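Listed here are the chains, written in short residue letters.
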Amino acid sequence: MNAAAHYRADPRTTSFTPIGSTWRWVFTVVAVLSVAGFVGAVALWTGAIVSNPERPDTRLFDAGGIVLLVTILCVYVQAFVGMAWIHSAWRWLPWDQRYSRHWRSWISPGQAALMLLIPYFQYYWMFVINLGLCDALERLRVRYPTRDAAPKNLALVACIMQMIIPLPVGMILWVLFMNKVEGMSREMSAAAVTRAHRPF
């Protein structure tokens with residue numbers, strides 16, 4: 001499959017709206033709450049021990065436990081919001097670009113998101129879909145040029161950090177990755193509009 005040649009030769013004009021930023025903002029807010037909750041829980045437990053090493057304040061311990069439970073809930077919400085963003089990004093791709101050289105068949109937006117729910121397999125799958133998304137963006141740049149290349153190295157590092165230090169390092173890298181992909185989609189959308197008004 002030579003998608004780059006297809007986009008050079010195809011005289012038709014494609015017009016598509018950019019990837020929305022709503023899911024990225026929700027992801028950012030929930031991720032910040034997760035980090036704040038973890039720090040808050042540790043602070044409460046530390047305060048309980050420091051205030052009275054012999055008889056720690058059980059109320060502070062209980063409060064820390066409640067904050068930790070809320071934090072865990074935020075982490076799950078963050079994961080589902082991230083899946084929603086992945087779905088929107090793959091839905092934005094033209095249908096003939098929804099594939100990855102790391103997977104044997106076409107990848108639908110629903111498949112891209114829902115296969116992240118498979119335990120342990122999701123660690124492999126996040127490499128497939130995020131690196132595949134970057135490859136698709138690079139193919140699209142042939143027809144819709146952008147100032148910057150697809151953030152493939154950033155995607156790779158974000159995937160690795162997600163397995164090692166998800167909060168806050170992984171979270172920060174994912175937000176940066178989302179922002180760059182959305183920026184490329186806006187530039188490509190503008191390029192598509194320009195092509196639509198350019199005589200062949």
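Scroll up to find the structure.
The rules we used
Residues numbered from 1 in each chain as written. Predicted model: local features only at pLDDT ≥ 70, side-chain atom pairs only at ≥ 80, totals over all residues. Heavy atoms only, no water. Helix = DSSP H or I, 4+ residues; strand = E, 2+ residues; numbered from the N terminus. Expected span 1.5 Å × (residues − 1). Buried < 20%, exposed > 50% of the residue type's maximum accessible area, 1.4 Å probe, protein only. Phe/Tyr/Trp six-rings, centres within 6.5 Å; stacked < 30°, edge-to-face > 60°. Lys NZ or Arg CZ within 6 Å of the ring centre and 35° of its normal. Salt bridge = Lys/Arg side-chain N within 4 Å of Asp/Glu carboxyl O.

**Observations concerning helix H6 (residues 152–164)**
Phase 1: For H6, built from 13 residues, the straight-helix expectation of 18 Å at 1.5 Å per residue is met to within 8% by its first-to-last C-alpha distance of 19 Å.
Phase 2: If you check which residues of H6 are buried, you get Leu154, Ala155, Ala158, Cys159 and Met161.

**Some points on the packing of aromatic side chains**
Within a pair of aromatic rings, the relevant descriptors are the distance that separates the centres and the angle that separates the planes.
Phase 1: One pass over the full model with this rule turns up 8 aromatic pairs.
Phase 2: Ring centres of Trp95 and Trp106 lie 6.2 Å apart, and the angle between their planes is 45°; this geometry places the pair in the tilted category. Taken together, the positions of Trp95 in the loop between helix H3 (58–92) and helix H4 (109–114) and Trp106 in the loop between H3 and H4 put the pair 11 residues apart, joining distant regions of the chain.
Phase 3: Accessibility expressed as a relative area gives 64% for Trp95, which makes it exposed.
Phase 4: Ring centres 5.3 Å apart and planes at 80° place the aromatic pair Tyr99 and Trp106 in the edge-to-face group.
Phase 5: Three or more aromatic residues link up through ring pairs in this structure, and these residues are Trp103, Phe121, Tyr124 and Trp125.
Phase 6: In this structure, Arg104 packs its charged tip against the face of Trp103, placed 4.8 Å from the ring centre.

**Notes on the pattern of salt bridges**
Pairing is possible between side chains that carry opposite charge, provided their charged atoms lie close to one another.
Phase 1: Enumeration over the complete set of coordinates arrives at 6 salt bridges.
Phase 2: Residue Asp135 pairs with Arg101 through a salt bridge whose shortest N-O separation is 3.6 Å. Of the two residues, Asp135 is situated in helix H5 (residues 121–140) and Arg101 in the loop between H3 and H4; the sequence distance between them amounts to 34 residues.
Phase 3: Residue Asp135 is classed as buried on the basis of its relative accessible area, which comes to 16%.
Phase 4: A relative accessible area of 62% means that Arg101 is categorised as exposed.

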